[in-house]
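Structural description and commentary
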Amino acid sequence: MQDQVLQEQIKTADKSLFFLSILLGSICLSWLALDKQRRGLCCNGKAPDVAGLRQISSVLVVLALGYFFCLGVKGRGEEGGEVNFWASLLVLLAALLRLGELLKDG
């Protein structure tokens, strides 16, 4: 029984690492978009369109935060779980609002 619990915890940690790497990837895409804008401004005074990069980055953020929200739902009954639930919900909602704005503008 203890081995099964340990295996579940390891599986959750592995998935969390995966989704954290997705968040890091989205940060890299945002960095690339900003760098591309800056280079355009420096070269010709016009910022190139980077809406596609920003949208992809935002989708990745929503994907990862959706996973962490699911963890928050599962752990809601544990000590500190209620705070984690609401924090993950609010962060996910903020990311969804951001994605909605990017899709509307793009």
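Owing to the predicted nature of the structure, the values given are computational and were not obtained by experimental measurement. (Residues numbered from 1 in each chain as written. Predicted model: local features only at pLDDT ≥ 70, side-chain atom pairs only at ≥ 80, totals over all residues. Heavy atoms only, no water.)

All right, on to the overall build of the chain then. For the chain, the count of helices and strands is three helices and zero strands. Listed by position from the N terminus, the elements making up the chain come as α-α-α. Relative to its length of 106 residues, the chain is extended, with a C-alpha radius of gyration of 18 Å against a globular reference of 13 Å. Seen through its C-alpha atoms, the chain measures out along the principal axes to roughly 65 × 25 × 20 Å. (Helix = DSSP H or I, 4+ residues; strand = E, 2+ residues; numbered from the N terminus. Rg over C-alpha atoms; globule rule 2.2 N^0.38 Å.)

Attention now moves to a nonpolar patch on the surface. Taken together, the side chains of L90, L93 and L96 define a hydrophobic patch exposed on the protein surface, amounting to about 270 Å² of accessible area. Along the chain, the position of L96 falls in helix 3 (residues 81–105). (Patch = residues over 30% accessible without salt bridge, like charges linked within 9 Å, V, L, I, M, F, W, Y side chains within 5 Å. Areas by Shrake-Rupley, 256 points an atom, 1.4 Å probe, with all protein chains shown as cover. Salt bridge = Lys/Arg side-chain N within 4 Å of Asp/Glu carboxyl O.)

Attention now moves to the confidence of the model for the chain. In this model, the chain carries an average pLDDT of 95, and 99% of its residues clear a pLDDT of 70 or more. When pLDDT is averaged over each helix and strand of the chain, the minimum, 95, is found for helix 3 and the maximum, 97, for helix 2 (residues 51–74). (pLDDT = per-residue confidence, 0-100.)

To continue, consider the environment of G75. On the secondary structure map, G75 appears in the loop between helix 2 and helix 3. Exposure remark for G75: the relative accessible area of 13% places this residue in the buried category. G75 sits 54 residues away from S21 along the chain, and the two C-alpha atoms are 22 Å apart. (Buried < 20%, exposed > 50% of the residue type's maximum accessible area, 1.4 Å probe, protein only.)

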